[in-house]
Amino acid sequence: RDAEAVGFLTLAISASSIWSVEAAATFLKLPIRHCRGIATEVSDQIISSKLKSPVPYGKGKLAAIQSICGGLPLLALGDSFEKTDKEMLEKAGFGAVIQPANLETLNRLRSIAPPHWFVIKPYTAEINIL
């Protein structure tokens, strides 16, 4: 909320179900209008397997961000630097990657990370510049 006071928007964009994104956003006191997630069509109270577009996965995450704020993120946070979050992290002013669980993936991240990316270690305040 403090970021909004100085003109920044905090968004929740995920390749998870929109329902889980909205639940987390409610807990974090983020406006539901700032959320995007995977949504399926619902008809007569029956959830179908047909996905609604746009799907916030890969380039779809950038489209979701732009649909809310019209621009690119100053800071993007993701855990999938090779798949679902790649484009979002690349286009952000700063890309924060959740530290991969294994050393092989962390070394791969170090070998491909552009200068504007850094790593955040989960459950700590530790940030590492790549």
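Basis of the calculations
- Residues numbered from 1 in each chain as written.
- Predicted model: local features only at pLDDT ≥ 70, side-chain atom pairs only at ≥ 80, totals over all residues.
- Heavy atoms only, no water.
- Helix = DSSP H or I, 4+ residues; strand = E, 2+ residues; numbered from the N terminus.
- Buried < 20%, exposed > 50% of the residue type's maximum accessible area, 1.4 Å probe, protein only.
- Contact = heavy atoms within 4.5 Å.
- Core = buried A, V, L, I, M, F, W, Y, C linked by side-chain atoms within 4.5 Å.
- Salt bridge = Lys/Arg side-chain N within 4 Å of Asp/Glu carboxyl O.
- Pairing = 2+ DSSP bridges.
- Axes fitted to C-alpha atoms, helices over the stretch in contact; angles between N-to-C directions.

Enquirer: Sorry, what's going on with the side chain of Thr-40 here?
Expert: Following the sequence through the fold, Thr-40 ends up in strand 3 (residues 40–43). On the accessibility criterion, Thr-40 (17% relative accessible area) is buried. Contact partners of Thr-40, with chain neighbours within four places excluded, come to Trp-19, Ile-47, Ser-48, Lys-50, Leu-51 and Lys-52.

Enquirer: Is there a simple way to think about the nonpolar core in this case?
Expert: Side chains of nonpolar character tend, in soluble globular proteins, to be buried together. In this structure, Ala-76, Phe-81, Leu-89, Val-97, Leu-109 and Trp-117 are the most contacted members of the largest nonpolar core, which totals 14 residues. Listed by contribution, the elements that provide at least two residues to this core are helix 3 (59–69), helix 4 (86–91), helix 5 (103–112) and strand 7 (117–120). Beyond its immediate chain neighbours, meaning those up to four positions away, Phe-81 contacts Lys-86, Leu-89, Val-97, Pro-100, Thr-105, Leu-109, Ile-112 and Trp-117. Membership of the second largest hydrophobic core comes to six residues, among which are Ala-12, Ile-18, Leu-30 and Cys-35.

Enquirer: In this structure, what is going on with the pattern of salt bridges? I would like to understand it.
Expert: Side chains that differ in sign of charge can pair as their charged atoms come close. Under the counting rule described, the total for this entry stands at five salt bridges. Lys-50 is paired through a salt bridge with Glu-41; the nearest N and O atoms lie 4.0 Å apart. The exposed category is assigned to Lys-50, whose relative accessible area is 52%. Of the charged contacts in the structure, one is a salt bridge between Glu-82 and Arg-108, with a shortest N-O distance of 2.6 Å. In this pair, Glu-82 sits in the loop between strand 5 (75–78) and helix 4 while Arg-108 sits in helix 5, placing the two residues 26 residues apart along the sequence.

Enquirer: Looking at this model, I keep getting lost on the sheet that holds strand 7. Mind explaining?
Expert: Think of a sheet as strands paired side by side through backbone hydrogen bonds, with each pair either parallel or antiparallel. What the four strands build is an open sheet, ordered 5-6-7-8; its pairing is mixed. Edge positions in the sheet fall to strand 5 and strand 8 (127–129), since each of these pairs with one other strand and no more. Ignoring strand direction, the axes of neighbouring strands in this sheet form an average angle of 25 degrees. Pairing of strand 7 with strand 8 involves three bridges; the strand directions are antiparallel. In the strand pairing of strand 8, Ile-120 is matched with Ile-127.

Enquirer: Just to check I follow, could you spell out the environment of Phe-81 for this structure?
Expert: In this structure, Phe-81 sits in the loop between strand 5 and helix 4. When the C-alpha positions of Phe-81 and Ser-17 are compared, they lie 20 Å apart, and in sequence the two are 64 residues distant.

On their own, these measurements won't tell you what the molecule is for.
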